[in-house]
Amino acid sequence: MADDIKDIAHAVEADSVMRLFPSPPRMLALGEPTHGVDAPLRLRNALFRQLVEQEGYRTIAVESDCVAGLLVDDYVTSGAGTLDDVLERGFSHGLGASAASRELVCWMSAFNAGRLAADQVRFAGFDGPLEMAWAASPRETLTALHRTLTDHIDPGLIPCTADTLDRLLGPDDRWTDPAAMWDPSASFGRSAEAGELRLLADDLGALLHAWAPHLIAATSRDAFDRARLWARAASGLLRYHHGMADASPSRLARLTGLRDQMMADNLLALAERGPVLVHAHNSHLQRDISSMRMGGQRLEWWSAGAVVHTSLGEQYGFLATAFGTMRHQGVDVPPPDTLEGALYALPAETCLVDTSASGAALAATGPVRRTSPYFGYAPLDPAHLARIDGIVFMKDVPED
């Protein structure tokens, strides 16, 4: 099988990526099979840099808090804040501690220096304001949205006062209690106050869109888009908190779906302003249904990438990343009858494989799905090959 595919294994470079598509996709997503390792992030940085410089992509979106990411965008476009503070507060999921994240932010800032705003590369988080064990209070997003509207629209049209929002929101710790991740009764998401806030978030979002012409003229398109982000995040958080209070057996599956729906909404909004590069776990970007085991259950949900693909069609491109070894986590040389095993036989340490050209060669041997001794690494499913545009393969992934 290696002999059949070695001629279509290319360097991981912008030119090779663009040859996978009839025209440059409006959204190009690069997945990874695990989190917390810098080597694939550095490869991402190098590839995204080429795609920005050579192909005109002007937004880089990563699997991180969409609201916190505004701090990073401000830093790389205008120099607001300090690098250390932006890395600490502008990323979620521990990404700010990564050396590769620091390198990405520094490069984006240097690229933008002296450029007109329209030619700058923008940063975006596209995840909800969530962590594995908790979801943020909707206070920040609801109050920011409310302030924008009250600053520019007749107060008589606003459905509530700031004091009303403050009373309904209450202390933030009742929203962020980590016990609610596993205990629905610990969630505030189905309280009377939360129900009223969901209605108000909907009304405030509707008012924002109804007054779009005035708000854009009075502020700017960027300011309006930021308010749209607050509106999406506020409503998404309230839906998520409502789901956390669900005691049904479908609770965890519903939460995973709600999270990826927030991701998809953010990605589609970013695509409105121009070509976007996206980086996240493969399971959030693939076109096939995603699955995982959590809490003793097998969960299935449609990923953000699958949802975005229904809207963008051929303008959505997806590159999956696969590893050969990750020995520091017990992931050794893949068996030869797996997809990763076939790729491991190739001579290059890293390569890009065109799945449309290699699919027949790979499928001819009927590769089995690899199993991993490390729960944090998800091998590729060979059944997904037909809906992956290319595979970025890293033969040996070192410990950082």
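Below you will find a few notes about this structure. (Residues numbered from 1 in each chain as written. Predicted model: local features only at pLDDT ≥ 70, side-chain atom pairs only at ≥ 80, totals over all residues. Heavy atoms only, no water.)

Side chains that differ in charge, positive against negative, can pair when their charged atoms come close. The full count for this structure, using the stated rule, is 24 salt bridges. A salt bridge links Arg42 to Glu103, with the nearest nitrogen and oxygen atoms 3.4 Å apart. With a gap of 61 residues between them, Arg42 in helix α3 (residues 38–55) and Glu103 in helix α6 (residues 99–112) connect regions that are remote in the sequence. On the accessibility criterion, Arg42 (38% relative accessible area) is partly exposed. For Glu103, a relative accessible area of 39% gives the class partly exposed. We note a salt bridge from Asp166 to Arg139, for which the minimum N-O separation is 2.8 Å. One end of the pair, Asp166, is in helix α8 (residues 162–169); the other, Arg139, is in helix α7 (residues 139–152), and 27 residues separate them in sequence. Several salt bridges converge on common partners, so that one network encompasses Arg221, Asp225, Arg228 and Glu272. (Salt bridge = Lys/Arg side-chain N within 4 Å of Asp/Glu carboxyl O. Helix = DSSP H or I, 4+ residues; strand = E, 2+ residues; numbered from the N terminus. Buried < 20%, exposed > 50% of the residue type's maximum accessible area, 1.4 Å probe, protein only.)

So, about the side chain of Glu32. Tracing the backbone shows Glu32 in strand β2 (residues 27–32). For the buried Glu32, no salt bridge exists, and the shortest N-O distance to an oppositely charged side chain is 6.8 Å, to Arg44. For Glu32, the side chain forms a polar contact with the side chain of His35, separated by 2.7 Å. (Lys, Arg positive; Asp, Glu negative; His and termini not counted. Polar contact = N/O pair within 3.5 Å; in protein donor to acceptor, adjacent residues only side chain to side chain.)

Another aspect to go through is the packing of α7 against helix α11 (residues 221–244). Orientation of α7 relative to α11, taken along the N-to-C sense of each, is 140 degrees, at an axis distance of 8 Å. Accordingly, the angle class assigned to the pair α7 and α11 is oblique. In terms of crossing hand, the pair formed by α7 and α11 is left-handed. The segment α7 lies against α11, with Thr141, Leu142, Ala144, Leu145 and Thr148 engaging Ala227, Trp230, Ala231, Ala233, Ala234, Leu237 and Leu238. (Axes fitted to C-alpha atoms, helices over the stretch in contact; angles between N-to-C directions. Parallel < 35°, antiparallel > 145°, perpendicular 65-115°, else oblique. Left-handed = near helix turned anticlockwise from the far one by under 90°. Contact = heavy atoms within 4.5 Å.)

Note: strands within a sheet are paired through backbone hydrogen bonds, in either parallel or antiparallel orientation. Reading across the sheet, the eight strands line up as β1-β9-β10-β8-β2-β5-β3-β4 and stay open at both edges, with mixed pairing between neighbours. The open sheet has two edge strands, β1 (9–10) and β4 (122–127), and neither has a second partner. Bridging between strand β3 (residues 59–65) and strand β5 (residues 276–281) involves four bridges; their strand directions are parallel. Its bridge partner lying in β5, Ala61 is registered against Val278. Across the face of the sheet, helix α14 (residues 304–312) comes into contact with β2 and β8 (316–325) while running at roughly 150 degrees to β8. (Pairing = 2+ DSSP bridges.)

Attention now moves to the nonpolar core. The biggest cluster of nonpolar side chains holds 43 residues, and the ones touching the most others in it are Leu28, Leu51 and Ile60. A total of six residues in this core trace back to one element, the largest contributor, which is α3. Discounting chain neighbours no more than four positions away, the residues touching Ile60 are Phe48, Val52, Leu104, Trp107, Met108, Val121, Arg122, Phe123, Ala124 and Leu277. (Core = buried A, V, L, I, M, F, W, Y, C linked by side-chain atoms within 4.5 Å.)

Of all seven residues in β3, seven are buried, a share of seventy percent or more. Here β3 runs beside β4; their pairing, made up of five bridges, is parallel. Among the inter-strand pairings, Thr59 is bridged to a residue of β4, identified as Arg122.

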